[in-house]
Amino acid sequence: MSAIATELSPELEPLSDTPSSWNMLFWRFRRNRKAVAGACIIGFLLFLMIFAPWLAPKDPLHGDLASTLKAPGEDFLLGADRNGRDVLSRLIWGSRTALGGAFAVVLISELIGVPIGIVAGYRGGWFDTIISRILDVMLAFPPLLLSLAIVAAFGPSLKNVVISLGVLYVPFIARVVRGVTLVQREMTYSEAAKAMGYPNRRIIFRHILPNCLGPVIVVSTLDLAYAMLDLAALSFLGLGVQPPTPDWGAMLSEGQGVLLTSPHLSLAAGFMILISVLGFNLLGDGLSDVLDPRQGQG
Amino acid sequence: MRSPILELDDLQVHFSTRSGELHAVDGVSLSIAPGETLGLVGESGSGKSVTARAIMRLVPTPPGRYAGGRILFEGKDLLTLSEREMQAMRGHQISMVFQDPMTFLNPVYTAGEQVAEAIRTHQGASRADAKAQTIELFRTVGIPNAEARFSAYPHELSGGLRQRVMISMALSSRPRLLIADEPTTALDVTIQAQILDLLRNLQQEFGMSILLITHDLGVVAEMCDKVAVMYAGRIVEEASIEPIFDNPGHPYTNGLLEAIPNASNDGAPFRPIPGSPPDLARLPPGCRFAPRCRYRQEICISTPPPMVQIAPGHDALCHFAGEYKKNLVEVPTPAVSR
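Basis of the calculations
Residues numbered from 1 in each chain as written. Chains lettered and ligands numbered in written order. Predicted model: local features only at pLDDT ≥ 70, side-chain atom pairs only at ≥ 80, totals over all residues. Helix = DSSP H or I, 4+ residues; strand = E, 2+ residues; numbered from the N terminus. Rg over C-alpha atoms; globule rule 2.2 N^0.38 Å. Buried ≥ 20, exposed ≤ 12 C-beta atoms within 10 Å, placed from the backbone. Contact = placed C-beta atoms within 7 Å. Pairing = 2+ DSSP bridges. Core = buried A, V, L, I, M, F, W, Y, C linked by C-beta atoms within 7 Å. pLDDT = per-residue confidence, 0-100. Axes fitted to C-alpha atoms, helices over the stretch in contact; angles between N-to-C directions. Left-handed = near helix turned anticlockwise from the far one by under 90°. Nonpolar A, V, L, I, M, F, W, Y, C, P; charged D, E, K, R; others polar. Parallel < 35°, antiparallel > 145°, perpendicular 65-115°, else oblique.

Chemist: Residues and numbers for the overall build of chain A, please.
Modeler: Along the backbone of chain A there are twelve helices and zero strands. When the elements of chain A are put in sequence order from the N terminus, they spell out α-α-α-α-α-α-α-α-α-α-α-α. Its C-alpha radius of gyration of 24 Å places chain A more than 25% over the 19 Å reference for a compact globule of 298 residues. Reported as C-alpha extents along the three principal axes, the dimensions of chain A are approximately 90 × 50 × 25 Å. For chain A, the residues scored as buried account for 42% of the 298 residues in total. Intrachain contacts of chain A at a sequence separation of at least 6 include 71% that bridge at least 24 residues.

Chemist: Describe the overall build of chain B, listing the residues and the values that go with them.
Modeler: Of the regular secondary structure elements, chain B holds eleven helices and twelve strands. Over its C-alpha trace chain B gives a radius of gyration of 21 Å, about what one expects of a compact globule, namely 20 Å for 338 residues. In terms of its C-alpha atoms, chain B occupies a principal-axis envelope of roughly 70 × 50 × 45 Å. Here chain B, with 338 residues, has 50% of them falling under the buried criterion.

Chemist: Describe the pairing of strand β1 (residues 6-17) of chain B, naming the residues involved and giving the relevant values.
Modeler: Residues and elements named next belong to chain B. Summarising the sheet, β1 and strand β4 (residues 64-73) pair through eight bridges and their orientation is antiparallel. Its bridge partner being in β4, L8 is matched across the sheet by I71. Both β1 and strand β2 (residues 20-32) contribute to a ladder of ten bridges, which runs antiparallel. Pairing of T17 across the sheet is with G20, part of β2. The turn joining β1 and β2, which pair antiparallel and follow one another in sequence, is formed by two residues.

Chemist: I'd love a proper account of helix α7 (residues 158-168) of chain A, names of residues and values included.
Modeler: Residues of α7 of chain A that are buried include every one of L158, V161, V162, S164, L165, G166 and L168 of chain A, and no others. Those residues of α7 of chain A that are buried lie in contact with α4 (87-123), α5 (125-140), α6 (143-154) and α10 (200-236) of chain A.

Chemist: How would you explain the nonpolar core if you had to name every residue and give the values?
Modeler: Formed by 173 residues in total, the largest nonpolar core has its most connected members in I173, A227, M228 and L231 of chain A together with I179 and L211 of chain B. The residues contacting L231 of chain A, other than those within four sequence positions of it, are A98, G101, A102, V105, V161, L165, G240 and G249 of chain A.

Chemist: Outline the confidence of the model for chain B, supporting the account with residue identities and numerical values.
Modeler: Low pLDDT marks stretches whose predicted atomic positions should not be read closely. The share of residues in chain B with pLDDT of 70 or more is 93%, and the mean pLDDT across the chain is 84. For this predicted complex, the interface score ipTM comes out at 0.76, alongside a pTM of 0.78.

Chemist: Outline helix α9 (residues 188-195) of chain A, supporting the account with residue identities and numerical values.
Modeler: With seven of eight residues buried, α9 of chain A is to be regarded as a mostly interior element. Taken together, the buried positions of α9 of chain A are occupied by Y189, S190, E191, A192, A193, K194 and A195 of chain A. Residues of α9 of chain A that are buried sit in contact with α8 (170-186) and α10 of chain A together with β6 (94-97) of chain B. One or two positions beyond α9 of chain A, positive phi appears at G197 of chain A, with a value near 85 degrees.

Chemist: If you had to explain the sheet that holds strand β12 (residues 314-317) of chain B to someone new, which residues and values would you point to?
Modeler: Residue and element names in this part refer to chain B. Ordered in space as β6-β7-β8-β3-β9-β10-β12-β11, the eight strands form an open sheet in which the pairing is mixed. With partners counted over all chains shown, the strands left at the sheet margins are β6 and β11 (307-311), one partner each. Averaged over all pairs of adjacent strands, the angle between their axes in this sheet comes to 20 degrees, without regard to strand direction. Across four bridges, strand β3 (residues 37-41) lies against strand β9 (residues 226-231) in parallel orientation. Opposite G39, over in β9, you have V227 as the bridge partner. Sheet contacts for helix α6 (residues 159-171): β6 and β7 (177-181); angle to β6, the most-contacted strand, approximately 175 degrees.

Chemist: A description of the pairing of β11 of chain B should follow, citing residues and the corresponding values.
Modeler: Residue and element names in this part refer to chain B. Pairing between β11 and β12: four bridges, direction antiparallel. For A311, the partnering residue across the bridge sits in β12 and is H314. Between β11 and β12, which pair antiparallel in sequence order, lie two residues; one of them, G313, sits at a positive phi of approximately 80 degrees.

Chemist: Report on the packing of α9 of chain A against α10 of chain A, specifying residues and quantitative values.
Modeler: Residues and elements named next belong to chain A. At a minimum axis distance of 11 Å, the contact between α9 and α10 shows a crossing angle of 145 degrees. Handedness of the crossing formed by α9 with α10: right-handed. Residues Y189, S190, A193 and K194 of α9 pack against I203, H207 and I208 of α10. A per-class count over the contact of α9 with α10 returns four nonpolar, two polar and one charged.

Chemist: Describe the environment of G113 of chain A, and please don't skip the residues or the numbers.
Modeler: Residue and element names in this part refer to chain A. Residue placement: G113 occurs in helix α4. C-alpha separation for the pair G113 and L135, spaced 22 residues apart in sequence, amounts to 9.9 Å. The residues contacting G113, other than those within four sequence positions of it, are V170, I173, A174 and V177.

Chemist: Tell me what's going on with the sheet that holds β2 of chain B, and back it up with residues and numbers.
Modeler: Residue and element names in this part refer to chain B. The strand order across the open sheet formed by four strands is β2-β1-β4-β5, and the pairing between neighbours is antiparallel. Strand pairing shows two members of the sheet lacking a second neighbour, β2 and β5 (76-77), which therefore form its edges. The pairing of β4 with β5 spans two bridges and is classified as antiparallel. Pairing of F73 across the sheet is with K76, part of β5. Along the sheet, helix α1 (residues 48-55) contacts β1, β2 and β4; its crossing angle with β2, the most-contacted strand, is approximately 70 degrees.

Chemist: I'd like a description of unusual backbone geometry, backed by residues and values.
Modeler: Most peptide bonds are trans, and most residues other than glycine sit at a negative phi. Here the residue pair P243 of chain A and P244 of chain A is connected by a cis peptide bond, since its omega of 10 degrees sits within 30 degrees of zero. You can see P244 of chain A is positioned in the loop between α10 and α11 (248-256). Phi at E74 of chain B is positive, roughly 50 degrees, even though this residue is not glycine. Counting through the fold element by element, E74 of chain B comes out in the loop between β4 and β5. Judged by the 14 C-beta atoms lying within 10 Å of it, E74 of chain B falls in the partly exposed class.

Chemist: Just give me the short version of the confidence of the model for chain A, but keep the residues and values in it.
Modeler: Per-residue pLDDT for chain A has a mean of 85; in total, 91% of the residues score no lower than 70. The least confident element of chain A, judged by mean pLDDT, is helix α1 (residues 21-31) of chain A at 81; the most confident is helix α2 (residues 33-50) of chain A at 93.

Chemist: Report on the environment of V108 of chain B, specifying residues and quantitative values.
Modeler: Residues and elements named next belong to chain B. By the secondary structure assignment, V108 is in the loop between β6 and α3 (111-123). For V108, a count of 19 C-beta atoms within 10 Å gives the class partly exposed. C-alpha of V108 to C-alpha of H155: the two residues are 47 residues apart in sequence and 9.7 Å apart in space.

Chemist: Which residues make up the packing of α6 of chain B against helix α7 (residues 189-206) of chain B, and what are the values?
Modeler: All names here are of chain B. The interhelical angle for the contact between α6 and α7, taken along N-to-C directions, is 15 degrees, at an axis separation of 10 Å. Relative to α7, α6 is oriented roughly parallel. Here α6 runs over α7; the crossing is right-handed. Where α6 abuts α7, its residues G159, G160, Q163, I167 and L171 lie against I191, Q194, I195, L198, L202 and F206. Tallied by class, residues from the contact of α6 with α7 come to seven nonpolar, four polar and no charged.

Structure, rendered in structure tokens:
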């Protein structure tokens with residue numbers, strides 16, 4: 001069989017020891033300071049979230065009225081709140097609602113937004129026009145405002161807040177996926193896949209979707225930061241996490257009334273929100289540099 | 001004569017655009033016999049690539065529209081098939097090789113995985129079996145170090161190797177017809193020659209027909225049994241190889257030949273065809289080539305030319321087919337009107 005072909009002499013094109021794509025990505029990731037800093041912060045928060053029961057020095061729900069609003073000190077490292085509960089323990093436990101909630105919001109938005117975006121981009125035509133206009137309309141309203149209305153209608157709870165935010169975040173992800181799909185659809189490999197007789201569904205999900213992954217990861221990471229802020233804001237307003245469950249947004253709000261006498265309450269909760277949003281933003285920015293194809297080999 | 005494997009019968013492909021309905025393929029009739037290679041030649045925008053995609057039913061609709069005619073593949077009209085039936089044809093009976101070796105392989109899968117996917121799709125082979133067949137195919141198309149290349153990502157391969165991978169993918173289910181859309185245009189000259197050699201050898205081995213789309217008459221001379229020259233959506237000349245090169249029946253073909261730089265033509269003038277193909281939305285009323293033609297007469301501008309037989313199997317769409325050089329006055333500098 002092989003006699004048929006015009007042989008290339010193997011030494012002309014040596015098989016180089018190119019590192020695998022994953023090693024390459026990891027190497028670029030490690031050299032990116034923003035990405036590493038963000039990953040460290042997020043890693044730390046995930047650690048808090050997972051090991052909260054072992055890390056928290058006290059029961060976050062147990063109040064000791066004798067220690068009401070106690071200042072940070074030996075007994076309470078970060079002080080106690082109005083009900084005499086340990087602020088440090090509540091912060092550690094609060095990472096669960098904050099991170100868990102944000103992840104759930106983004107997951108919901110991805111599950112709905114990615115298929116919508118990819119199908120709209122691939123099909124084009126009137127389907128794309130209708131979907132895009134609907135997304136534009138959704139984008140015209142700030143998610144916080146709409147979510148406020150939805151939660152007001154269905155009753156305040158973490159679940160309602162997460163679902164409403166998840167749906168309202170769909171346009172952010174769907175628009176990005178649609179844009180990437182429009183580009184990928186024009187690549188010859190999409191046409192080649194069609195010319196090989198593959199059905200549309202396979203081309204969309206097996207050939208185009210993996211090429212959307214980079215942008216989806218970046219946008220999702222940045223969306224996590226927004227989701228976290230919006231969740232905290234809704235909890236601050238009393239619509240999200242309900243007492244006595246510990247949550248940073250709710251703690252911020254509880255500390256508001258005693259801001260002048262016991263600033264440690266709001267400061268501690270605010271600081272956690274600040275660094276986690278910062279962490280997600282750094283990671284998202286860094287990842288967008290790392291995954292940028294223009295930095296890759298051609 | 002053997003019954004043709006592919007026959008285009010007055011094929012019409014139109015595109016609706018803001019400037020009106022464009023007849024990108026306007027009544028094209030062609031036929032390819034089993035084992036034959038037909039070269040489809042023309043400038044950019046002449047409709048040759050649309051014709052190729054139309055055969056695969058890959059023209060996006062809308063804005064495209066199959067406005068008329070038939071595409072007979074082994075006697076079956078492809079335009080009447082359902083999308084599902086068509087999917088079974090693509091990559092199985094009819095395969096296509098594309099021009100751009102940089103982008104026709106999906107960057108996220110290895111070269112081998114992509115060829116193996118094609119084999120599994122069309123032959124229902126197991127994963128291990130498909131891999132073995134892929135490596136065998138890689139050897140057949142002359143990819144050195146085939147086992148190692150199986151797990152190479154497209155960006156790790158050179159343009160020539162990628163083109164070989166594409167060819168192995170297209171040939172994986174031994175198609176009856178291979179459509180090669182400028183398969184060598186993006187490659188450098190030595191690799192071009194290798195790929196053409198490879199295609200010719202594989203054609204003999206597999207006994208398939210090839211529709212070779214190109215703008216390079218040198219490639220045609222080397223590869224094809226027959227040539228069809230396309231201009232502004234129409235076939236303007238069709239013949240076997242020798243008559244086309246020895247005695248081009250259409251001034252456009254003649255122009256294409258004169259425009260080839262040639263070291264051995266003893267100082268004969270090297271003449272490009274002036275102007276560019278007409279805007280498909282505003283075609284001239286008579287012969288579509290007339291505005292650029294050095295031999296045009298009154299009739300060329302006013303009346304569309306008929307298909308004239310010059311010799312059996314040699315036709316040209318010209319009022320003066322084969323005899324235009326006898327036209328009394330050669331128009332010195334053709335006015336290019338658009």
